[in-house]
Amino acid sequence: MAVQAVPTKGNLITFKKSLALAKMGYELLDRKRNILVREMMTLIDKATEIQNKIDVTYSKAYLALQRANITLGFCDDISKSIPEENSLKLSYRSVMGVEIPIVTIDKDENPQLYYGLDSTNVTFDEAYMCFKEVKELTADLAEVENSVYRLADAIKKTQKRANALKNIMIPRFEETVKFITDALEEKDREEFSRLKVIKTQKQHKDNS
């Protein structure tokens, strides 16, 4: 349904500008949506890769812990020597206006051992290193999964706005522009016909 407007040249210019802006807005939103979708699909692939690594590492960690428990007895007292993780940090980056989290955690290539070597063995070391890797991978996965969620929400909102422009606003402006254009052209034709009649009448009058 066209926007109700008085068919004047001023309104025609105004609605043509509105139509052009609506089309530009749709193109920008569509471009933004495509960029966000590509970013999200990349992160989904990354999340799958990290999750697979976590599953494999968890299996190794629990197997190593089981062996350590068998060879050392239950490792509750030894595990208490491991300090709580407090190096986790959160920051953000922007992707087309969408705030994407960046989760960082200290990753020491030569990690410090917090337990005595005389009371443990290589199976406990393996379990410790595997669980440490799982901790780091979990931080990576949390970043990626939260990013995917935020991107999916932004894509949904962007698509909704783009659809509103494409299916409602642009057709409405196009109909209004057509209505005003047709009305002005009809007015011009009427004015032309009126002037032609006046000219003909004047010619007849001059000839008589």
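Read on for a plain summary of the structure. (Residues numbered from 1 in each chain as written. Predicted model: local features only at pLDDT ≥ 70, side-chain atom pairs only at ≥ 80, totals over all residues. Heavy atoms only, no water.)

## A few points about the overall build of the chain
Working step 1: Counting its regular elements, the chain contains 3 helices and 2 strands.
Working step 2: Helices and strands in the chain line up, N terminus first, as α-α-β-β-α.
Working step 3: When each of the 208 residues of the chain is scored for burial, the buried share is 26%.
Working step 4: Taking as baseline every contact in the chain between residues at least 6 positions apart, the subset at least 24 positions apart corresponds to 79%. (Helix = DSSP H or I, 4+ residues; strand = E, 2+ residues; numbered from the N terminus. Buried < 20%, exposed > 50% of the residue type's maximum accessible area, 1.4 Å probe, protein only. Contact = heavy atoms within 4.5 Å.)

## As for the nonpolar core
Working step 1: Among the nonpolar cores identified, the biggest contains 16 residues, and Leu36, Ile50, Val98, Val144 and Leu151 are the most heavily contacted of them.
Working step 2: Broken down by secondary-structure element, the contributors of at least two residues to this core are helix 1 (9-72), strand 2 (98-104) and helix 3 (122-207).
Working step 3: Residues contacting leucine 36, with those up to four places away along its chain left out, are Val95, Met96, Val98, Leu151, Ala154, Ile155 and Thr158.
Working step 4: Judged by nonpolar contacts, the second largest core, of 13 residues, contains Phe15, Leu29, Ile180 and Leu184. (Core = buried A, V, L, I, M, F, W, Y, C linked by side-chain atoms within 4.5 Å.)

## A few points about the side chain of threonine 158
Working step 1: Here threonine 158 shows up in helix 3.
Working step 2: For threonine 158, a relative accessible area of 1% puts it in the buried group.
Working step 3: In this structure threonine 158 touches Leu29, Lys32, Arg33 and Leu36, once residues within four positions along its chain are discounted.

## Regarding the pairing of strand 1 (residues 89-95)
Working step 1: Where strand 1 meets strand 2, 7 bridges bridge the pair, whose relative direction is antiparallel. Following the sheet pairing, leucine 90 is matched in strand 2 by valine 103.
Working step 2: Linking strand 1 to strand 2, which pair antiparallel, is a turn of 2 residues; within it methionine 96 sits at a positive phi near 55 degrees. (Pairing = 2+ DSSP bridges.)

## Describing the packing of aromatic side chains
Working step 1: Under the definition given, this model contains 4 aromatic pairs.
Working step 2: Between tyrosine 58 and phenylalanine 131 the ring centres are 6.3 Å apart and the planes differ by 75 degrees, which places this aromatic pair in the edge-to-face class. Here the residue tyrosine 58 occupies a position in helix 1, and phenylalanine 131 occupies one in helix 3, the gap between them amounting to 73 residues.
Working step 3: Taking the relative accessible area as the measure of exposure, phenylalanine 131 reaches 27% and is therefore partly exposed.
Working step 4: Joined through ring pairs, the aromatic side chains of Tyr58, Tyr62 and Phe131 make up one cluster. (Phe/Tyr/Trp six-rings, centres within 6.5 Å; stacked < 30°, edge-to-face > 60°.)

## Concerning helix 1
Working step 1: An ideal rise of 1.5 Å per residue puts 94 Å on 64 residues; helix 1 measures up with 91 Å between its terminal C-alpha atoms.
Working step 2: One or two positions beyond helix 1, positive phi appears at glycine 73, with a value near 85 degrees. (Expected span 1.5 Å × (residues − 1).)

## Here we look at a nonpolar patch on the surface
Working step 1: A cluster of nonpolar side chains, contributed by Leu21, Met24 and Leu28, occupies part of the molecular surface with about 320 Å² of accessible area.
Working step 2: For methionine 24, the location among the structural elements is in helix 1. (Patch = residues over 30% accessible without salt bridge, like charges linked within 9 Å, V, L, I, M, F, W, Y side chains within 5 Å. Areas by Shrake-Rupley, 256 points an atom, 1.4 Å probe, with all protein chains shown as cover. Salt bridge = Lys/Arg side-chain N within 4 Å of Asp/Glu carboxyl O.)

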